[in-house]
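One letter stands for each residue in the lines below.
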Amino acid sequence: MAVFWLIGIVLALAAAGLVLGRARALACVGGDARGLHSRPVYHGWTVAVAVLGPVGLVLTFWLLVQPLYVGAVVSAMLGDSADPRGLLLAEVRRAAEGLEAAVETGVIPAALAEDARADAAEITRRLKAAGQVVTSDLTAPVLRAAQRTLALNASGDRAMAGVVLAVALAGLVLALRRIAPAFRARPVVERDLRALLIAAASIAVLTTLGIVLSLVFNTVGFFRLYPAAEFFTGLDWAPSFSGRGGASDLGVLPLLWGTLYISVVALAVAVPIGLFAAIYLSEYAAPRFRALAKPLLEVLAGIPTIVYGLFALLTVGPLLMRVFGEAGLGWMQSGTAVITAGLVMGIMLIPFVSSLSDDIISAVPQALRDGSYGLGATRSETIRQVVLPAALPGIVGAILLAASRAIGETMIVVLGAGAAARLSLNPFEAMTTVTAKIVSQLTGDADFASPEALVAFALGMTLFVLTLGLNVVALVIVRRYREHYE
Amino acid sequence: MFDAPHPTLATPTTPPTRTDPKIAACNVDVHYGTTHALRDVSVEIEDRTVTAFIGPSGCGKSTFLRCLNRMNDTIDSARVTGVILLDGEDIHDRRVDPVQLRARVGMVFQKPNPFPKSIYDNIAYGPRIHGLARSKADLDGIVERALRRGAIWEEVKDRLQASGTGLSGGQQQRLCIARAIATEPEVLLMDEPCSALDPIATAQVEELIDELRASYSVVIVTHSMQQAARVSQKTAFFHMGRLVEYDATSKIFTNPEDARTESYITGRIG
Ligand SMILES: Nc1ncnc2c1ncn2[C@@H]1O[C@H](COP(=O)(O)OP(=O)(O)O)[C@@H](O)[C@H]1O
Ligand SMILES: [Mg+2]
């Protein structure tokens, strides 16, 4: 809340700077804008930027560094302890948050919360009574550390507000004094604008990098608690839900198998249908029909996958049960199975395959078709022997992109494939996938420091590497294909 | 593919010439949608002769050329009327399959368009489709003969499995000519075959055309008057969708009947 007000004040200062700067620029040439190097509004902007730029930097830096500093201080306070450091710090953080909320709602008087000799048991009791989640009883060191965290944060926030306001005012005053008829305001503003654009671009790149790094670090953290060899080669997936216990089997192979099996079924549905649709649209359909049908097919790609999930659970599953279930052939135990999820996912992927392939087939030069017709080839011979081979690399790229969608798909498998991790060849059995298990490991109030929760990161990492690999291969193929014709 | 009614003629309207024409076109009109691209063209093309079509851009040379092997059928908006006889047989007759016709009347395009396949497969494409080879050795023979006649055998004989798209422009065009020859057509249509080539490659292709005359009827569209004069025996001058003048090449270039022809060959229109 404090930061919110702070930013509000800074924005108001910047707006004032814009108006003042403009007015001052006009004033210093006696109202004749032609006497200025740059138009007055640029002078105004230099002032606004002089307020916002430094404040932005200071604020970002402060917000990043303060938690690190507080963490380091608290960590030093706790000294060596048998508990894993990460778990203890998490507990301190939760206690601090609980205390803060309790003080805010008045359950615990501020004086008691800050009291260095306050009784840990008493505070625990009050926190629990107030409904602030405390997993286990607070120990004295944890309580002291939590109090210290609160104190440090409070003073840090006050200092930050002071520094930020000082910087903003200094920027305003200095920038206003800089304004003169010869001041080259426009290049300055344009340079700053470019800096802003570069910053936006780097944020996009850096967040991606950050996500990957966090995946990597948490995966490494998981492998400290659970042997990597067992994760990658284990044939069983049986997490225990009892909390922190070593009783879980967390082998990724059954999940990977489920993922690949369902993806293969999906592709077996999507590739032929999508490809034939693409061939029809690009080679046979009248232009007017194509203009109508292609967007319609692409609408399929816009349907949220949860809707496909519902469709799998409520329509396709029961339908398959009627044919293959107890009443029919007796192969299927329940509506949720590999075949259900695979079919529905295949339908979801049809527009990916058909739309991309259609673009690629249409991009094959007409000259090649003419050459083939000119030799007395029929249309189907031309398509099979000239057009498709020429488009093949691009089509393979399209299929790989569809495959990486299939591997990452979650909702359809959560609803359509069942929850049992199984290594089986029978498509009528329920199976589950990496994505579905990430969901189930993280829903419910799991302890995020336990291997049962951290395994989600290792699963995520596995998926990421898999789909990244597919995407890279697909992009390389598609690019090589493009070069071929340019 | 083509169902528009045609005025059928029992016999060609012109009296029989010394040798029967290979192709006789009578009152051919072509519309693209509402564009009237070709108006009332009648012409007789002789066997074992190189016939050149000249004229300014957009005058309908390509359009007429594409009528001769019914390539205009592949353009939805194109509508062709009139009679075209190949060896006295109407090519628009219901008994004639345009696909088969195109095997008899081969075509080489302005821009070299080798398939993204090996050199060997490029040449073997037509013979395979039309079942011209009985065995692998037979096919090898056809490919070699076509490449030799296309005057490119020496350059590619050691890399028949290399991609056809990796050749130079001139080589690609000779490959395309060899590819057209491989299906053993009776007529070879060439639409500005040298416009994408350098002078040396052009000279090679012209030499090749002169050799082909021994066994085929060749029709070549060209923008170069010199080329028409060098390679052809007969020349047709097109202007604004009409055939203005058609005569022996030497006559057209030395003593044209029509004022428009004279303006064109002296460089005043076009
Ligand atoms: N596919 C087509 N669709 C519509 N109009 C065309 C098409 N091809 C050619 N035309 C038109 O027909 C006329 C003759 O074209 P073309 O035969 O290509 O001329 P040339 O080969 O003599 O330069 C031009 O006006 C051209 O715009
Ligand atoms: Mg042309």
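Look up a bit, the structure's there.
Computed from a predicted model, the values in this text were never measured in an experiment. (Residues numbered from 1 in each chain as written. Chains lettered and ligands numbered in written order. Predicted model: local features only at pLDDT ≥ 70, side-chain atom pairs only at ≥ 80, totals over all residues. Heavy atoms only, no water.)

Undergrad: How would you summarise the overall build of chain A if you had to cite specific residues and measurements?
TA: Summing up its helical and strand segments, chain A has 17 helices and 2 strands in all. Expressed as lengths along the three principal axes of its C-alpha atoms, the size of chain A is roughly 80 × 75 × 35 Å. Looking at chain A residue by residue over its 486 residues, the buried ones come to 42%. Taking contacts inside chain A between residues at least 6 apart in sequence as the whole, the part at least 24 apart equals 71%. Within the structure as shown, chain A displays about 25,100 Å² of accessible surface, and the carbon and sulfur contribution to it stands at 69%. Side chains of chain A carry 35 positive and 32 negative charges; the gap between the two charge centres is 12 Å. (Helix = DSSP H or I, 4+ residues; strand = E, 2+ residues; numbered from the N terminus. Buried < 20%, exposed > 50% of the residue type's maximum accessible area, 1.4 Å probe, protein only. Contact = heavy atoms within 4.5 Å. Areas by Shrake-Rupley, 256 points an atom, 1.4 Å probe, with all protein chains shown as cover. Lys, Arg positive; Asp, Glu negative; His and termini not counted. Charge placed at Lys NZ, Arg CZ, Asp CG, Glu CD.)

Undergrad: Summarise the state of the cysteines; cite the residues concerned and give the values.
TA: All names here are of chain B. Scanning the model with the defined rule gives 0 disulfides over all chains in all. A disulfide-free cysteine, Cys59 has its sulfur positioned 13 Å from the sulfur of Cys67, the nearest such atom. Classification of Cys59 as buried rests on a relative accessible area of 2%. (Disulfide = S-S within 2.5 Å.)

Undergrad: Describe in detail the site of ligand 1, supporting the description with residues and values.
TA: All names here are of chain B. The immediate surroundings of ligand 1 are formed by Tyr32, Ala37, Ser57, Gly58, Cys59, Gly60, Lys61, Ser62, Thr63 and Ile75. One of the backbone nitrogen or oxygen atoms of Gly60 is found 3.1 Å away from an oxygen atom of ligand 1. Residue Thr63 places a side-chain N or O atom 2.5 Å away from an oxygen atom belonging to ligand 1. Among the residues forming the shell around ligand 1, the class breakdown is 4 nonpolar, 5 polar and 1 charged. (Near = heavy atom within 4 Å. Polar contact = N/O pair within 3.5 Å; in protein donor to acceptor, adjacent residues only side chain to side chain. Nonpolar A, V, L, I, M, F, W, Y, C, P; charged D, E, K, R; others polar.)

Undergrad: Give a detailed account of the pairing of strand β1 (residues 23-32) of chain B, specifying residues and quantitative values.
TA: All names here are of chain B. With 8 of 10 residues buried, β1 is to be regarded as a mostly interior element. Looking at chain direction, β1 and strand β2 (residues 35-45) are connected through 7 bridges and run antiparallel. By the bridge assignment, Ala24 is partnered in β2 with Glu44. Adjacent in sequence and paired antiparallel, β1 and β2 are bridged by 2 residues, among which Gly33 carries a positive phi angle near 55°. Direction of pairing for β1 relative to strand β4 (residues 78-86): antiparallel, over a ladder of 8 bridges. Across the sheet, the residue bridging to Ala24 is Leu85, located in β4. (Pairing = 2+ DSSP bridges.)

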